[in-house]
Amino acid sequence: MKAAFRLLLLLILVLISEVNGQRQKQKPKRKPVRPTPEPVEPTELPPPLPPGPPSVFPDCPRECFCPPDFPSALYCDSRNLRKVPLIPPRIHYLYLQNNFIDSLPEESFKNATELRWVNLDNNRIKKLDRRVMEQMDGLIFLYLEKNQLKEVPSFLPPNLEQLRLSRNLISKIPAGVFNKLEHLVLLDLHHNKLSDGVFNKNTFRGLKNLMQLNLAHNILRKLPPGLPSAVHQLFLDRNNIEDIPDDYFKEFPNLAFLRLNYNQISDKGLPKNSFNLTNLLVLQLAHNKLTNMPFINPKLEHLYLNDNSIERINGTQICPTSLITFQDLSADLENAPRLRYLRLDGNQLKPPIPLDLMMCFRLLQSVVF
């Protein structure tokens, strides 16, 4: 009896396993997953923003904004644009910064003859079309920072007053490119790839009224020749300048602000009267290789000498006027040196501040030592 029961149990187990196997064979097969289609837009660029609501101006491009209370302005900035839309003829102020524009088609600007201000910062522009530039006679401000220009554009509008070309790849300045820009007051070329060989005595010819010139953060080893004599503010920091020629800055009678931070200037490369300039108010020489405090003009007001290698200061030697005595401390301050701010931290000086230094520069309001 037990043997029969075991045989029956074995047959039942065999039948159950066969039924389960058949069920597994009858499971439907999964459909293959189709690959995701490639996006239409390039994967490295975000898609353009959708068109905005209709404007009160019928000629306003849908991808831009035309403020009702500022009819001469067109805002097309930060909209992921690849192309410049058709610019209406009423526009004076055009904002196209922070896009992905790589060219300026003539068709887009065919009606834009009244432009005064164009901002094209942070795009991908490599060159400017001559025909587009020649029809912008009235343009005053041109912003082209952070693009992909390799040289200063030619055929620039003759009435320009500000030209901003920083953070490009500029390594060339074509001959005569500034000849007709007599109204230019600001030229910004900082953070490019300009070297000594780019400049000659005629490079800046034509810039009769230039007040601010920025050549910082390039690869200069020498001070460039032929800088405009009218310049008031000159920025040459973050280069590799080692020395200053005799009387170099005497050519700039209006120079009031000079920045030479982060260079390689040493005492050997610095003639005594390099900065004895009548109109110089601010002089920045931080992060160089100076071991002595340079001689300055009595009218200088701000002097930055931090992070050099200065070990000691002789106030008697560097004082631009005769050093007073204790009895004369209350004398008229009219003829005292005008220095008000002096920064000396980051050197090898030890406190206290030399007494003769304070006796010379009696108008000092702040000394960072």
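- Under an unreviewed UniProt entry, the name given to the protein chain is Keratocan, and the organism recorded is Chelydra serpentina.
- Turning to the protein chain, the UniProt annotation filed under Sequence similarities (unreviewed entry) states: "Belongs to the small leucine-rich proteoglycan (SLRP) family. SLRP class II subfamily."

Details of the packing of aromatic side chains
Stage number 1. A complete count under the given rule lists 14 aromatic pairs for this structure.
Stage number 2. Relative to Trp-117, the ring of Tyr-95 has its centre 6.5 Å away and its plane inclined at 45°; by these criteria the two rings are tilted. Placement of the pair is Tyr-95 in strand E2 (residues 93-95) and Trp-117 in strand E3 (residues 117-119), with a sequence separation of 22 residues.
Stage number 3. Residue classification places Trp-117 among the partly exposed residues on the basis of a relative accessible area of 23%.
Stage number 4. Each ring, one from Tyr-248 and one from Phe-252, has its centre 5.8 Å from the other, and the planes form 65°; the classification is edge-to-face. Assigned by exposure class, Tyr-248 and Phe-252 land together as buried.
Stage number 5. In textbook terms, an aromatic cluster arises when at least three aromatic residues are bridged by ring pairs, as seen for Phe-70, Tyr-75, Tyr-93, Tyr-95, Trp-117, Phe-141 and Tyr-143.
Stage number 6. Across from the ring centre of Tyr-262, 3.9 Å away, lies the NZ or CZ of Arg-238, which sits over that ring.
Stage number 7. Across from the ring centre of Phe-235, 4.1 Å away, lies the NZ or CZ of Arg-259, which sits over that ring.

A short note on the pattern of salt bridges
Stage number 1. Throughout the structure, instances matching the rule amount to 10 salt bridges.
Stage number 2. With a closest N to O distance of 3.5 Å, Arg-131 and Glu-106 form a salt bridge. Residue Arg-131 is located in helix H2 (residues 130-134), and its partner Glu-106 is located in the loop between E2 and E3; the two are separated by 25 residues in the primary sequence.
Stage number 3. By relative accessible area, which is 34% here, Glu-106 ends up partly exposed.
Stage number 4. The salt bridge involving Arg-343 is made with Asp-345; its shortest N-O contact spans 2.7 Å.

Thoughts on the UniProt feature "domain: LRRNT" (unreviewed entry) in the protein chain
Stage number 1. Taken from the UniProt record, the annotation "domain: LRRNT" (unreviewed entry) applies to residues 59-93.
Stage number 2. Helix makes up 0% of residues 59-93 and strand 11%, with an end-to-end C-alpha separation of 15 Å.

As for empty space enclosed by the protein
The probe, sized like a water molecule, is rolled over the atoms to show the empty space still left.
Stage number 1. For the structure shown, the criterion picks out 1 cavity of 30 Å³ or more.
Stage number 2. In this structure, the largest cavity encloses a volume near 40 Å³.
Stage number 3. Leu-49, Pro-50, Pro-51, Gly-52, Arg-62, Glu-63, Arg-79 and Leu-81 are the residues that line the largest cavity.
Stage number 4. Its residues placed into classes, the lining of the largest cavity shows 4 nonpolar, 1 polar and 3 charged.

Let's talk about the environment of Ala-112
Stage number 1. Within the fold, Ala-112 resides in the loop between E2 and E3.
Stage number 2. The exposure class assigned to Ala-112 is buried, which follows from its relative accessible area of 1%.
Stage number 3. Separated by 24 residues in the primary sequence, Ala-112 and Met-136 have C-alpha atoms spaced 7.8 Å apart.
Stage number 4. Here Ala-112 is in contact with Ile-87, Pro-88 and Gln-135, once residues within four sequence places are set aside.

Focus on the layout of surface pockets
Stage number 1. Counted as a void, the largest pocket has a volume near 290 Å³.
Stage number 2. Lining the largest pocket are 14 residues, and of these Asn-292, Met-293, Pro-294, Phe-295 and Ile-318 lie nearest its centre.
Stage number 3. Its residues assigned to classes, the lining of the largest pocket comprises 8 nonpolar, 3 polar and 3 charged.
Stage number 4. A volume near 220 Å³ is recorded for the second largest pocket.
Stage number 5. Forming the walls of the second largest pocket are 13 residues, and the residues nearest its centre are Ser-154, Phe-155, Leu-156, Val-177 and Lys-180.
Stage number 6. Tallied by class, residues from the lining of the second largest pocket come to 7 nonpolar, 3 polar and 3 charged.

Thoughts on the state of the cysteines
The term disulfide refers to a covalent linkage connecting the sulfur atoms of a pair of cysteines.
Stage number 1. Applying the stated rule across the entire model yields 3 disulfides.
Stage number 2. Covalent S-S linkage joins Cys-60 and Cys-66, the inter-sulfur distance amounting to 2.2 Å. Because the sign of the S-S torsion sets the handedness, a value of about 100° for the bond joining Cys-60 and Cys-66 places this disulfide among the right-handed ones. For the pair shown, Cys-60 and Cys-66 are each scored as buried.
Stage number 3. Between the sulfur atoms of Cys-319 and its disulfide mate Cys-360 the distance is 2.0 Å. In this structure, the disulfide formed by Cys-319 and Cys-360 twists by about 90° around the S-S bond and is classed as right-handed. Of the two residues, Cys-319 sits in the loop between helix H3 (315-318) and strand E12 (341-343) while Cys-360 sits in helix H4 (residues 355-360), which places them 41 residues apart along the sequence. Here Cys-319 matches Cys-360 in class, with each residue buried.
Stage number 4. Along the protein chain, the cysteines engaged in disulfide bonds are linked according to the scheme 1-3, 2-4, 5-6 when indexed in sequence order.

So, the nonpolar core
Stage number 1. Residues Phe-109, Phe-178, Leu-187, Phe-249, Leu-260 and Phe-275 are the most contacted members of the largest nonpolar core, which totals 88 residues.
Stage number 2. Elements supplying a minimum of two residues to this core: H2 and H4.
Stage number 3. Sequence-distant contacts of Phe-275, defined by excluding residues within four places in its chain, comprise Ile-244, Phe-249, Leu-258, Leu-260, Leu-270, Leu-280, Leu-283, Leu-285, Pro-294, Phe-295, Ile-296 and Asn-297.

Thresholds, definitions, all that
Residues numbered from 1 in each chain as written. Predicted model: local features only at pLDDT ≥ 70, side-chain atom pairs only at ≥ 80, totals over all residues. Heavy atoms only, no water. UniProt positions renumbered as here; feature names shortened; annotations may be inferred. Phe/Tyr/Trp six-rings, centres within 6.5 Å; stacked < 30°, edge-to-face > 60°. Helix = DSSP H or I, 4+ residues; strand = E, 2+ residues; numbered from the N terminus. Buried < 20%, exposed > 50% of the residue type's maximum accessible area, 1.4 Å probe, protein only. Lys NZ or Arg CZ within 6 Å of the ring centre and 35° of its normal. Salt bridge = Lys/Arg side-chain N within 4 Å of Asp/Glu carboxyl O. 1 Å grid on protein atoms, 1.4 Å probe; cavity = no way out; pocket = protein on both sides within 12 Å on 5 of 7 lines; lining within 4 Å. Points joined across faces, edges and corners; volume = space filled by probe spheres on them. Nonpolar A, V, L, I, M, F, W, Y, C, P; charged D, E, K, R; others polar. Contact = heavy atoms within 4.5 Å. Disulfide = S-S within 2.5 Å. Core = buried A, V, L, I, M, F, W, Y, C linked by side-chain atoms within 4.5 Å.

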